[in-house]
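# Tertiary structure, described
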Amino acid sequence: MTNNIKKGKFLTFEGIDGAGKSTHIAYVAELLRQHGKQVISSREPGGTALGEKLRELLLQEKMHLETEALLMFAVRREHIAQVIEPALERGDWVISDRFSDASFAYQGGGRKLALDKLNALEQWVHPDLQPDMTLLFDVPLEVARARLDATRELDKFEQEKTDFFAGTRAEYLRRAAEFPERFRIIDSTRPIPEIRAHLDTLIAQLCADADPL
Ligand code: TYD
């Protein structure tokens, strides 16, 4: 998809497990609606009926690292075709709870799959599509851990060890430095009202850029 076909904007939410992004997704969707946007809120792995079935497997079953990476991108291909591209072409705004940066962070930074393989998959699956803005919710590993342990039964990724998440967080931060035009880092150790104020500013800016006077 080229940018001149794309009429809506594409926002992604990222961060290690326990970073707290989920708390803020509904808030941003509501903010965008207040700015008059039609909003589709989706997630990966998932986002389609097929993708949600594959999510079950991806989050529970042990599998070869490359199988995991290929399935993440297979889910993404379906999500783009069925949900993301049609919505953007209609002029809707799309929020996705995770996208390809998560594959680089988790399968690359966490599991150490070679980044050139992930780059090849990204080139195959979405050569012309990138998020307009990626909100990276960043916290130290100990904070994320503490938040996770307080909640429910942990999935396959959440059960990983500290060095896995150290690699995941480092890759997220490396990508944020590599693509500063689309990444915004949110300090997720801050109190929720402060994070919301930061989000208010970022979203107001994005909406102003989308609808210049
Ligand atoms: P998550 O987004 O954290 O959902 P929940 O808040 O319901 O737990 O769960 C998705 C998991 O999948 C998360 O641990 C990261 C992982 N993941 C990858 O490893 N690679 C990917 O490409 C994507 C999209 C997710």
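Counting of residues starts from 1 at the beginning of each chain's written sequence and follows it residue by residue. The predicted origin of the model limits local features to residues at a pLDDT of at least 70 and limits the giving and counting of side-chain atom pairs to 80 or more, whereas totals for whole chains, interfaces and linings rest on all residues. Processing note: side-chain calculations cover all non-hydrogen atoms of the structure and skip hydrogens and water entirely.

### Describing helix 2 (residues 49-60)
Helical periodicity: at 3.6 residues per turn, an α-helix aligns residues three or four positions apart in one direction. Numbered from the N terminus, helices here are DSSP runs of H or I no shorter than four residues, and strands are runs of E no shorter than two. Multiplying 1.5 Å by the residue count of a helix minus one yields the expected span of that helix. Between its first and last C-alpha atoms helix 2 spans 17 Å; for twelve residues at 1.5 Å apiece the expected length is 16 Å, and the two agree. All of the buried residues along helix 2 are Gly51, Leu54, Arg55, Leu58 and Leu59. One side of helix 2 holds all its buried residues, which, seen down the axis, span an arc of 130°. In helix 2, the exposed positions angled more than 90 degrees off the buried face are occupied by Ala49, Lys53, Glu56 and Gln60. Where the residues of helix 2 are buried, they touch strand 2 (39-43) and helix 3 (65-90). Any residue under 20% of the maximum accessible area for its type is buried, any over 50% is exposed, and the rest in between are partly exposed; the area is computed with a 1.4 Å probe on protein chains only. Here the arc refers to the directions that run from the helix axis out to each C-beta atom. In this analysis, two residues are considered to be in contact whenever any of their non-hydrogen atoms come within 4.5 Å of each other.

### Let's talk about the pairing of strand 3 (residues 93-97)
Where burial is concerned, most of strand 3 is hidden: five out of the five residues are buried. On strand 3, burial covers both faces: Trp93, Ile95 and Asp97 on one face and Val94 and Ser96 on the other are all buried. The pairing criterion is simple: DSSP has to find at least two bridges between the two strands. Two elements, strand 1 (residues 10-14) and strand 3, share four bridges in a ladder whose sense is parallel. Note on strand 3: the bridge partner recorded for Phe13 is Asp97. When strand 2 meets strand 3, the two strands line up parallel, connected through five bridges. Directly across from Ser42, in strand 3, lies its bridge partner Ser96.

### Focus: the pairing of strand 4 (residues 133-138)
Strand 4 sits mainly inside the fold: six of its six residues count as buried. The alternating pattern of strand 4 places Met133, Leu135 and Phe137 on one face and Thr134, Leu136 and Asp138 on the opposite face, and all of these are buried. The pairing of strand 1 with strand 4 spans four bridges and is parallel. Along strand 4, the bridge assignment pairs Thr12 with Thr134. The pairing of strand 4 with strand 5 (residues 183-187) spans five bridges and is classified as parallel. Each bridged residue has a counterpart across the sheet, and for Asp138 the counterpart in strand 5 is Asp187.

### What about the site of the ligand?
Only a single heavy atom is needed: when it lies within 4 Å of a molecule or strand, its residue is near that molecule or strand. Lining the immediate environment of the ligand, one finds 17 residues, of which Asp17, Arg98, Ser103, Tyr106 and Gln107 sit closest. At 3.1 Å from an oxygen atom of the ligand is found a side-chain nitrogen or oxygen belonging to Arg76. About the coverage of the ligand: the protein hides 90% of its 550 Å² of free accessible area. Mapped onto the shell around the ligand, the elements with two or more residues apiece are helix 1 (21-34), helix 2, helix 3 and helix 4 (100-110). Of the residues contributing to the shell around the ligand, the split by class is six nonpolar, three polar and eight charged. Any pair of nitrogen or oxygen atoms within 3.5 Å is treated as a polar contact; in protein, a donor-acceptor pairing is required on top of that, and neighbouring residues in sequence qualify only through side-chain atoms on both sides. Computed with a 1.4 Å probe, the accessible areas rest on the Shrake-Rupley method; for each residue, only the protein chains presented here act as cover. Each residue is assigned to one class: nonpolar for Ala, Val, Leu, Ile, Met, Phe, Trp, Tyr, Cys and Pro, charged for Asp, Glu, Lys and Arg, and polar for all the others, Gly among them.

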